[in-house]
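Letter by letter, the chains look like this.
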Amino acid sequence: MADEWKPQILGIICNWCSYAGADLAGSARTQYPPDIRIVRIMCTGRVDPLFILKAFSDGADGVLVSGCHFGDCHYLEGNYKGAKRMFMVKSLIRNIGLEDKRLRMTFVSASEGAKWAKVVEDVVKTVTDLGPSPLKELAR
Amino acid sequence: MAEKKTKKETAPKKKEATKAAAPAVKAAAPKAPATGKKEARVGVFICHCGTNIAGSIDINEVEAYAKTLPDVAFAANYQYVCSTPGQKIIADAIKDHNLTGTVVAACSPRLHEPTFRTATKEGGLNPFRFEMANIREQGSWVHMHDREGATEKAKDAIRIAVAKAALLEDLIPKSVPVEKAAIVVGAGVAGMQAALDLANAGIKTYLIEKTPSIGGRMSQLDKTFPTLDCSQCILTPKMVDVGRAENIELMTYTEVESVEGYIGNFDVTLRKKARGVLSMAEAEAMGISGGGCNGCGDCEPVCPVIKPNPFEMNMKPRKAIYIYHPQVVPLLYTVDFDSCIKCNLCVDVCGDKKAIDLEMKDELIKVKVGTAILALGYDMFPIEKKDEWGYMKYENVVNSLEFERLICASGPTGGHMVRPSDGQTPKKVAFLLCAGSRDNTGIGKPYCSRFCCMYSLKHAHQIYEKIPGVQSYLFYMDIRSFGKMYEEFYYRIQDEGAKFIRGRVANILEDPVTKNLIINAEDTLLNRPVRLEVDMVVLAAAVQPSSDTDRTRKLFGVSCSLDGWLLEAHPKLNPCGTTTAGVYVAGVCQGPKDIPDTVASAEGAASAASIPIHMGEVELEPYFAQCIEEKCAGCGMCVNLCPYQALALVEKEGRKVMEVTEAKCKGCGTCGGFCPGGAIWMQHFATPQIVAQIDAFLLGGVK
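If you're wondering where the values come from, they're calculated on a predicted model, not measured in any experiment. (Residues numbered from 1 in each chain as written. Chains lettered and ligands numbered in written order. Predicted model: local features only at pLDDT ≥ 70, side-chain atom pairs only at ≥ 80, totals over all residues. Heavy atoms only, no water.)

J.: Can you explain the pattern of salt bridges? Please cite residues and give values.
T.: Residues and elements named next belong to chain B. What the rule picks out here adds up to 44 salt bridges over all chains. With its nearest N and O atoms 2.6 Å apart, the salt bridge here joins Lys386 to Asp439. With a gap of 53 residues between them, Lys386 in the loop between strand E19 (378–380) and strand E20 (397–399) and Asp439 in the loop between strand E21 (428–435) and helix H12 (452–466) connect regions that are remote in the sequence. The two residues Lys386 and Asp439 agree in class, both being buried. (Salt bridge = Lys/Arg side-chain N within 4 Å of Asp/Glu carboxyl O. Helix = DSSP H or I, 4+ residues; strand = E, 2+ residues; numbered from the N terminus. Buried < 20%, exposed > 50% of the residue type's maximum accessible area, 1.4 Å probe, protein only.)

J.: Provide a residue-level description of the state of the cysteines, including the pertinent values.
T.: One pass over the structure, following the stated rule, counts one disulfide over all chains. Note on cysteine connectivity: Cys17(A) is disulfide-linked to Cys68(A), with sulfurs 2.3 Å apart. Taking the torsion about the sulfur-sulfur bond, which here is approximately 100 degrees, the covalent link between Cys17(A) and Cys68(A) counts as right-handed. A residue pair is termed long-range when its members are at least 10 positions apart, and Cys17(A) in the loop between strand E1 (9–14) and helix H1 (18–27) and Cys68(A) in the loop between strand E3 (62–67) and helix H3 (78–95) qualify at 51 residues. Judged by its relative accessible area of 4%, Cys68(A) falls in the buried class. Sulfur of Cys73(A): no disulfide; nearest cysteine sulfur belongs to Cys43(A) and is 4.0 Å away. Here Cys73(A) falls in the buried class, since its relative accessible area comes to 6%. Cysteine Cys642(B) remains unbridged, with the sulfur of Cys668(B) as its closest cysteine sulfur at 6.4 Å. For Cys642(B), a relative accessible area of 13% puts it in the buried group. (Disulfide = S-S within 2.5 Å.)

J.: Help me get a handle on the domain arrangement of chain B, residues and values and all.
T.: Residues and elements named next belong to chain B. For chain B, the domain assignment lists domain 1 (37–166), domain 2 (181–374) and domain 3 (378–544). With 15 residues of domain 2 in contact, the opposing surface of domain 3 contributes 25 residues. Regarding the contact of domain 2 and domain 3, the summed buried area is about 1900 Å², with carbon and sulfur atoms giving 66% of it. Inspection of the region where domain 2 meets domain 3 yields two salt bridges. The partner of Arg217 in a salt bridge is Asp379, with the nearest N and O atoms 2.9 Å apart. The interface formed by domain 2 and domain 3 includes seven residue pairs in polar contact (both at pLDDT 80 or more). Residue classes in the side of domain 2 that touches domain 3 are distributed as seven nonpolar, three polar and five charged. (Domains from an automatic or database assignment. Contact = heavy atoms within 4.5 Å. Buried area = accessible area lost by both parts, 1.4 Å probe. Polar contact = N/O pair within 3.5 Å; in protein donor to acceptor, adjacent residues only side chain to side chain. Nonpolar A, V, L, I, M, F, W, Y, C, P; charged D, E, K, R; others polar.)

J.: Explain the packing of helix H6 (residues 189–200) of chain B against helix H15 (residues 595–615) of chain B to me, using residue names and the numbers behind them.
T.: Residues and elements named next belong to chain B. Direction vectors running N to C along H6 and H15 enclose 40 degrees, while the axes themselves pass 8 Å from each other. The angle between H6 and H15 falls in the class oblique. Crossing geometry of H6 relative to H15 is assigned as right-handed. Residues Val189, Ala190, Gln193, Ala194, Asp197 and Leu198 of H6 pack against Thr598, Val599, Ala602, Glu603, Ala606, Ala609 and Ser610 of H15. Taken together, the residues that form the contact of H6 with H15 break down as eight nonpolar, three polar and two charged. (Axes fitted to C-alpha atoms, helices over the stretch in contact; angles between N-to-C directions. Parallel < 35°, antiparallel > 145°, perpendicular 65-115°, else oblique. Left-handed = near helix turned anticlockwise from the far one by under 90°.)

J.: Explain the pairing of strand E22 (residues 471–476) of chain B to me, and be specific about the residues and the numbers.
T.: Residues and elements named next belong to chain B. Among the six residues that make up E22, six are buried, leaving the element largely enclosed by the rest of the structure. Burial of the side chains of E22 extends over both faces: Gln471, Tyr473 and Phe475 are buried on one face and Ser472, Leu474 and Tyr476 on the other. As paired strands, E21 and E22 are joined by five bridges and run parallel to one another. Bridged to Ala430 within E22 is Tyr473. Handedness of the E21-H12-E22 crossover: right-handed. Of the pairings in the sheet, the one linking E22 to strand E23 (residues 499–502) comprises four bridges and is parallel in character. Residue pairing for E23: Tyr476 is matched across the bridge by Arg502. As for the winding sense of the linkage, the β-α-β connection from E22 through helix H13 (residues 486–495) to E23 is right-handed. (Pairing = 2+ DSSP bridges. Right-handed = clockwise from strand over helix to strand, strands pointing away.)

J.: Explain a nonpolar patch on the surface to me, using residue names and the numbers behind them.
T.: Residue and element names in this part refer to chain A. Residues Leu53, Met88 and Leu92 make up a contiguous nonpolar surface patch of about 220 Å² in total accessible area. As for its placement among the helices and strands, Met88 is situated in helix H3. Take Met88: its relative accessible area is 37%, and that puts it in the partly exposed class. (Patch = residues over 30% accessible without salt bridge, like charges linked within 9 Å, V, L, I, M, F, W, Y side chains within 5 Å. Areas by Shrake-Rupley, 256 points an atom, 1.4 Å probe, with all protein chains shown as cover.)

J.: I'd like a description of the sheet that holds E1(A), backed by residues and values.
T.: Residues and elements named next belong to chain A. Taking strand neighbours across the sheet as the criterion, the four strands line up as E2-E1-E3-E4 in an open arrangement whose pairing is parallel. Sheet topology places strand E2 (37–41) and strand E4 (103–107) at the edges, where each strand pairs with a single neighbour. The sheet shows a mean angle of 20 degrees between the axes of neighbouring strands, taken without regard to direction. The pairing of E1 with E2 spans five bridges and is parallel. The residue of E2 that forms the bridge with Leu10 is Arg37. The sheet contacts of helix H2 (residues 49–57) involve E1, E3 and E4, and relative to E3 the element is tilted by about 155 degrees.

J.: Before we move on, can you summarise helix H7 (residues 231–244) of chain B with the specific residues and values?
T.: Residue and element names in this part refer to chain B. Look at H7: 20 Å from first C-alpha to last across 14 residues, which is about the 20 Å you get at 1.5 Å a residue. Every buried residue belonging to H7 is among Ser231, Gln232, Leu235, Thr236, Met239 and Val242, and all of these are buried. Axial view of H7: buried residues confined to an arc of 120 degrees, hence all on one face. Along its buried surface, H7 packs onto H6, strand E7 (204–208), strand E8 (223–224), strand E9 (229–230) and strand E10 (248–251). (Expected span 1.5 Å × (residues − 1). Arc of directions from axis to C-beta.)

J.: Tell me about H1(A), and please be specific about residues and values.
T.: Each α-helix turn comprises 3.6 residues. Residues three or four places apart therefore point the same way. Within H1(A), eight of the ten residues are buried, which leaves the element mostly enclosed by the surrounding structure. Of the positions making up H1(A), those classed as buried are Ser18(A), Tyr19(A), Ala20(A), Gly21(A), Ala22(A), Asp23(A), Ala25(A) and Gly26(A).

J.: Run through unusual backbone geometry, naming residues and quoting values.
T.: All names here are of chain B. Each neighbour pair has its own omega, and for Phe225 with Pro226 the value is -15 degrees, a cis peptide bond. When you line up the elements, Pro226 lands in the loop between E8 and E9. Residue Pro330 follows Val329 across a cis peptide bond; omega there is -5 degrees. Following the sequence through the fold, Pro330 ends up in the loop between strand E15 (321–322) and strand E16 (334–335). The phi torsion at Met485 lies on the positive side, around 70 degrees, for a residue other than glycine. By secondary structure assignment, the location of Met485 is in the loop between E22 and H13. For Asn527, which is not glycine, the phi dihedral falls at a positive 60 degrees. For Asn527, the location among the structural elements is in the loop between strand E25 (517–523) and strand E26 (528–534).

Structure (structure tokens):
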């Protein structure tokens, strides 16, 4: 199993910037590792800390939240509020003994297809290096 | 996981498609919803998209897998699901298999969600019972050489989508009336054309310009390629039309201060900068009969303050009370309060007209419009950053816009082509193309500025016209003469004797005595170095977004590309629209364009912006927040989080609960992401739906 282990990473990304950026990576045929699954939301402000905790308790090895750059939010400031919550969630998962590097927030605009590919590559590498989430067994 | 939500009176009819036991392994411990629950029956339609998807994903395997998923009642694959027969498969399956929701696994929802919502509706379902699995842009296209990985990802994407589709509910889009007015920001040729088109279509149009006059960059140009029309001659009739059009309310020296609202109902606050001068209409309104500025110009000579005129690229002086050039529209003087010393000489000479008010203050004006067009234009790239070419260091190195003024009859030299250092007529002139464009050094711009090749050819032609015996040299990388009659124009300039040297200029040095310039370059066709002494150098500098593009686009919620140009909704399918409904882009602010393309894009934007206005009402996506009142503790945290003031606490049955004003809610979900009691139901992105997606990904599996 160790040889074949592939990380399970959840990407929660906003419709206007990061999702569009990911689409752009697609139309530009920019290749990146497939080890991420996407849930689309309208704005990173929508990200309830519950979503992230739920993902980890379900055994996710990593979670990526990605939105618009600051000042670029389609809803003015949802990404600030989302980002602020990420700090809180990071400290929560640290407190339960999970590496906070498993949660990442990035800012990818609709024109940054190449950056999206780079972000996913980077997240997959970080999480692969950390290995399977210790919560995985509990989830099963 | 699916909670029963309380419905507001306005909420759509109750049709709970909640589904508890989606994942086989373990659900997230919620109890099954109460009653009235209908069994979810989801249809999955997998698109080959020719080989776009099928080339990297095993469609049959994915389809077979989809059939094993909980709640899936039907699965099929088709070559092109977006085609008419493809859509019919969806509609038929909904009826034949009594489906409660649909999932199409194909391209991005940003592309075809509307198509498949319509197909779902055709089948008799509410269109919001559709969910898309993106297996192309975020599947086959990004894992082209990993068939196994892409196939697994597609299966998961479908499982995630099915989990959501099983929980989707009927939603009714909200129709809102559209204000029968539009705003156009920027009054260069793009903004003017767009405003004229809108006005001619019977729409009240506010045309906003930050400088004192309309006309933009085009009014600074001498001739236009390839027809050699005089730029002012073809522009001024349009400027006059704009000034006269009944439906256009022209507001120069005005900037956008803030924008609120949404398509159909934008509330725009404008800052009318203190101009220090009253128009005749304003004077009339203030009871100064026969007063106001009539453009006589008596004030200008008496003004003791001398400043450079930016319209003349700072090569000609102006006073603290000024007009940019003789053809300004509106013909109205402006006081530059940054340099005015308030000596009142102008006020005295203006006399009974009482047009000048040196105590004038900025004014905020509110307008309500249905749609908006951004035509924000461009600035020249500060080419002094490429210091090897000596701009701002050597007097006889000018940029192309300065050249336009130097050769223009209304310019600082009256159209006599002279070089700046000594006023002598140059006999050898070099043009450097791609100055700062197509530059990957990190100093210049990586893109092609698109019109410099053509105007440099035109410049070469103009000096042949004006200076007998002159020799021009064009240092170029490629000549991009792509437009109608452009290539023919290129041949013509070659025939006129211009010398074309293919190669980038390494550096330019100045002879300190003669002020001549020595160019060091490489002729890459002859493969040898070139050293050339010329009298004058013209840099065809790159263009970049105008200085306040970034500020203005953020006010309207429009995205930009990496270079700062405004981002269209889709470069081919929706080139004038943006991701903000009701906001459109025109002209160079979207990316470099020559005048014909600029005017064409302006007409496109005007047409697009007039559609919602003529329709009279638009549908808003019903992604509103709803309050689940029995869960709401009335803490009011959400009220402050909402950027649109859409939420408020109200008294109901003796306690405080939150209430949503749907017309103000844009559906970002920031309140829903925060509510500590889980009392906010975000329609179409409800917590149980998203949690079901997460569970489906991590815990879900076969029936």
